[in-house]
Amino acid sequence: MKTIVSLFLLLFASLLATSQKSLDLDYYLPQGISYREDIPTPKEIIGHEVGEWHVTHDKLMFYMQTLAKISDRITLEDRGETFEGRPILLLTVTAPKNHRNLEKIRREHITLTEAGGNSLDTEKMPLVVYQGFTIHGNEPSGTNAAMAYAYYLAAAEGPEIEETLDNLIILLDPCMNPDGLQRFAYWANTNKSQNLNADSNEREYHEVWPGGRTNHYWFDMNRDWLPVQLPESRARIHTFHKWLPNILTDHHEMGTNSTFFFQPGEPARVHPLTPKLNQELTAEIGTYHAKALDKIGSLYYSEENYDDYYYGKGSTFPDVNGSIGILFEQGSSRGHIQESENGILTFPFTIRNQFTTSLSTIEAAKKMRAKILDYQRDFYNTVRNEASRSKTQAIIFGDSKDASKTWHLAEILQRQHIKFHELANDVTLEGKRYSKEHSYVVPLRQKNHRLIKAMFEKRITFEDSLFYDVSAWTFPLAFNLDYTEVNTLENAGFEITELTDLSGSIDAESKYAYLFEWHGYYTPKALNMILEKGLRAKVAKYPFSLEGKSYDYGTIMIPVQNQELRPKELHEFLNGVAKKSKVQIKAVNTGLTRGIDLGSNDFDPIKKQKVAILVGKGVRSYDAGEIWHLFDTRYDMKITKIDVSYLDKVDLKKYTDIIVPSSSGPSMALAAKSSQNLKDWVMEGGTLIGYRTVAEWFEKNELMKLKFRKDTLVAKNISFGAKNDFKGAQVTGGAIFQARLDRSHPINYGYKNNRLALFRNTNVFIEPHKDSYNNPIQYTDTPLLSGYISEENLAMLKGSVPFQVQKLGKGRVVIFTDNTNFRAFWYGTNKLLMNAIFFGGIM
């Protein structure tokens, strides 16, 4: 019987392959309407039918440019470029008469959300829909559907499309991840056979590491809507706030054996700041999707699996901004055709579902137009009233020792259209010192009080214990900034409308030495520039004061004598370093201090570093990409990416540090020779730095001696049906915890406070070392600051250590159980990795 079924599947696949060769656009398009003959189909421009091949981004761009040139319904905007130089496109689609008055329509639409919006008649206003496709590059059915959809919007004729375009402004984002799409399209197309093969073991459906999901630096961009750290995200957020669309759709793919999902998601997993009416309207829109999918016979589901909690996702971010975010998830063919539990799944079939729900979205928007516009206006009225009743009037944030981290948080606020002011004067509040130059004031009585609350609040109680993504993201904690809620605006200075770039400087020329403290965010960039120039630099292991100024642990000293540059040249070079790295360098004329003198042996020399990172199969690409991005784009430091597949052939002697990111499976899997080579390299003086799950691999391979706290929880009175919820409740998906710091330890150089907020999304718990001085970072007895963690895991976390360093031969092995570089916006702990790099040898 099994053989018969297999033969049937092969025959069916062959028939589907044959039918795909005769595929045409009619498979996707609504029937019974006519299309303008002057509008070219995708095939006429890109050379193949939609779904016959995976469209590459260049072909997609050519087609969209062609439509914009020919159609009076479409304009095309180039909003910038990706890391790989690809354009970030946006099509604005509406009736020609609306195009002629587009700016007037946009201003009126924004007015609807302002205090004077009650006078507007929503019955006469167009609704704005943002439709985004393929933010994950290896979920390509969305972008391929966008081509057919754009053709429909440009070419369809008749009263129905005319009415739709009269009443809607459609912002069509055809590919939200150009670099990832290009990477995946190349993979799928180069592995496609003439005789399409649905066998799930076929290479086409098993893309090589890191896959096409992510952008150039391997980030999941569907987590960046709130932090906006990436160029693609910044383009989208600019468009979002420019228009404040009423509906935003986000087209994704999921596992091959799934069908089709549309929101609403899990009812109990909605963020409390999201209005109940938002979910009701989402459900009403969902009836249009159900009707459309019923019509073509496609299976689907709703209100399961996916949640609406983290506001950094594309389908959830709109919900805290008075819009309605909608997630679509299509079971993925991951290529051109693949067997699944629901039968043979073809690429064109996945495209058709995405196309169909694109149409059902604008159908719902048209029919529910006035209701949804009223909802948006009421949302902002409600939020303004909430803000006016709030006892807290403002939030002050800053770091008296580091202007850069403070500035970068202010930059995010500006991108999110949140107003802030300069601090009028230096002030100390609740024991925290805020300096005028390094602090800002955020009034809460402004347009979107809830967005500010979502970014700054701490939350530790939840309706549900399961989360699709992180449960906490408190921004001042992520940036390791002081912040205080105040009931007055007396500390607010002028509003800052343009955030000017920070600048660094050197105060004078010296014949003796130059100093800069290690607190600034970009000090690693400065130190690396100095060492790359071949200059000598030393780090202070103790505080001291000189010429009326106090210097903390980790202060960097550059002596003038016995350098490669003459004194004047050294001054000019360091002046350039200061400006590029935004640090303040102090010239001093004596080595006599209060504390350690500048000639003391407690100033340790710092070596030039050459860093490598392991990448490839088994390594978690997100974690590796975050580190690559940190080195390459923040600190301008070279980092060599070594694939684990050829690690055993690499001469490691040239590297001072090797980073092992967290593994994507249960543990790191390296060839025995590679493991031994790493151990030998450490023994000869290298510094090996591991993250998260690598801790167990270090211990197993005798690179470190660690003792772990293990879960002994047993399920009692838990039914089989509740098994997944029971296990899911033990997942620490992403929360924030407080640790104590020993500021005298080199790993903590540059931190001014003795407490630090750490982001954690693992259940790796390390027992503290018996000697307290070997526990420079240790979780407190009440560590939870924000987010969800089970009671059992919280008990194990208390007093555990997220960092250990141990000697091995002449070298050091370092482990972090937590991600210090999370999603490029956890600025507050980036310094920990840099300290391990530059100061590992003295730990």
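Since this is a predicted model, take the numbers as computed values, not measurements.

Caption draft 1: How the structure looks around the overall build of the protein chain. In terms of regular secondary structure, the protein chain is built from 23 helices and 36 strands. Relative to the compact-globule value of 28 Å for 843 residues, the protein chain shows a C-alpha radius of gyration of 29 Å, a close match. Taken along the three principal axes of its C-alpha coordinates, the protein chain extends 90 × 70 × 65 Å. In the protein chain, buried positions account for 62% of the 843 residues. When the 99 positive and 102 negative side-chain charges of the protein chain are each reduced to one mean point, those points stand 5 Å apart.

Caption draft 2: Representation of the pairing of strand β14 (residues 439-443) in the model. Of all the 5 residues making up β14, 5 are buried; the element is thus mostly covered by neighbouring parts of the structure. Burial of the side chains of β14 extends over both faces: S439, V441 and P443 are buried on one face and Y440 and V442 on the other. Examined bridge by bridge, strand β10 (residues 394-398) and β14 share 5 bridges and lie antiparallel to one another. Bridge pairing in β14 links G398 to S439. Direction of pairing for strand β11 (residues 421-423) relative to β14: antiparallel, over a ladder of 2 bridges. If you follow E422 over to β14, its bridge partner there is Y440.

Caption draft 3: Molecular detail of the packing of aromatic side chains. Inspection of the entire model under this criterion finds 51 aromatic pairs. Note on F379 and Y380: the rings are 5.1 Å apart at their centroids and 80 degrees apart in plane angle, and the pair reads as edge-to-face. Judged by relative accessible area, Y380 falls into the buried class, the value being 1%. By the ring-pair criterion, three or more aromatic residues cluster together here, those being Y309, Y310, Y311, F462, F467, W473 and Y788. For R236, the ring lying beneath its charged end belongs to W225, and the centroid distance is 5.1 Å.

Caption draft 4: Examining the sheet that holds strand β1 (residues 74-81) more closely. Taken together, 7 strands build an open sheet; the order of strands is β1-β2-β4-β3-β5-β7-β6 and the sheet is mixed. This sheet does not close on itself; its edge strands, each paired only once, are β1 and β6 (260-262). Ignoring which end each strand starts from, the neighbouring axes of this sheet average 15 degrees apart. As judged from the 6 bridges shared by β1 and strand β2 (residues 87-93), these two strands associate in the antiparallel manner. The residue of β2 that forms the bridge with T75 is T92. In this fold helix α3 (residues 57-70) packs onto β1 and β2, with an angle of close to 140 degrees to the strand it touches most, β1.

Caption draft 5: Layout of the pattern of salt bridges. In this structure the tally under the stated criterion is 47 salt bridges. A salt bridge links D469 to R823; its shortest N-O distance comes to 2.9 Å. In this pair, D469 is assigned in the loop between α14 (449-456) and α15 (475-478) and R823 in the loop between β36 (811-816) and α23 (830-839), connecting sequence segments 354 residues apart. For D469, a relative accessible area of 10% puts it in the buried group. Under the relative-accessibility criterion, R823 is labelled buried at 17%. Between D482 and K752 there is a salt bridge; the shortest N-O distance is 2.7 Å. Of this pair, D482 sits in strand β15 (residues 482-486) while K752 sits in the loop between β31 (735-741) and β32 (755-760), and the two are 270 residues apart along the sequence. In this structure K752 comes out as partly exposed when scored by relative accessible area, which is 23%.

Caption draft 6: Highlighting unusual backbone geometry. Here the residue pair W209 and P210 is connected by a cis peptide bond, since its omega of 5 degrees sits within 30 degrees of zero. On the secondary structure map, P210 appears in the loop between α8 (178-190) and α9 (231-243). Look at the link from Q263 to P264: it is a cis peptide, with omega at 20 degrees. A positive phi angle, near 45 degrees, is found at L244, a position not held by glycine. Mapped onto the secondary structure, L244 falls in the loop between α9 and β5 (247-254). Residue class for L244 comes out buried when judged on its relative accessible area of 4%. Even without being glycine, N305 reaches a positive phi, approximately 65 degrees. If you trace the backbone, N305 turns up in the loop between α10 (276-296) and β7 (324-331).

Caption draft 7: Summary view of α9. Taking 1.5 Å per residue as the helical rise, α9 with its 13 residues ought to reach 18 Å, and the 19 Å between its terminal C-alpha atoms agrees with that figure. The positive-phi residue at the C-terminal boundary of α9 is L244, with phi of around 45 degrees.

Caption draft 8: Examining the sheet that holds β31 more closely. Overall, antiparallel pairing links the 3 strands, which are arranged β32-β31-β34 in an open sheet. Strands with a single pairing partner mark the edges of an open sheet, and in this sheet they are β32 and β34 (777-786). For this sheet, the mean inter-axis angle between neighbouring strands, taken without regard to orientation, is 35 degrees. In this sheet, β32 lies alongside β31 in antiparallel orientation, the contact comprising 6 bridges.

Caption draft 9: Spatial organisation of the packing of α10 against helix α12 (residues 369-389). Contact geometry for α10 and α12: axes closest at 11 Å, N-to-C directions at 160 degrees. Considered as vectors, α10 and α12 are oriented roughly antiparallel to each other. Of the two elements, α10 crosses α12, and the hand of that crossing is left-handed. Listed contacts from α12 to L277, N278, L281, E284 and I285 of α10 are K371, I372 and Y375. Counted by class, the contact of α10 with α12 contains 5 nonpolar, 1 polar and 2 charged residues.

Parameters at a glance
Residues numbered from 1 in each chain as written. Predicted model: local features only at pLDDT ≥ 70, side-chain atom pairs only at ≥ 80, totals over all residues. Heavy atoms only, no water. Helix = DSSP H or I, 4+ residues; strand = E, 2+ residues; numbered from the N terminus. Rg over C-alpha atoms; globule rule 2.2 N^0.38 Å. Buried < 20%, exposed > 50% of the residue type's maximum accessible area, 1.4 Å probe, protein only. Lys, Arg positive; Asp, Glu negative; His and termini not counted. Charge placed at Lys NZ, Arg CZ, Asp CG, Glu CD. Pairing = 2+ DSSP bridges. Phe/Tyr/Trp six-rings, centres within 6.5 Å; stacked < 30°, edge-to-face > 60°. Lys NZ or Arg CZ within 6 Å of the ring centre and 35° of its normal. Axes fitted to C-alpha atoms, helices over the stretch in contact; angles between N-to-C directions. Contact = heavy atoms within 4.5 Å. Salt bridge = Lys/Arg side-chain N within 4 Å of Asp/Glu carboxyl O. Expected span 1.5 Å × (residues − 1). Parallel < 35°, antiparallel > 145°, perpendicular 65-115°, else oblique. Left-handed = near helix turned anticlockwise from the far one by under 90°. Nonpolar A, V, L, I, M, F, W, Y, C, P; charged D, E, K, R; others polar.

Any functional reading would require information that these geometric values do not contain.
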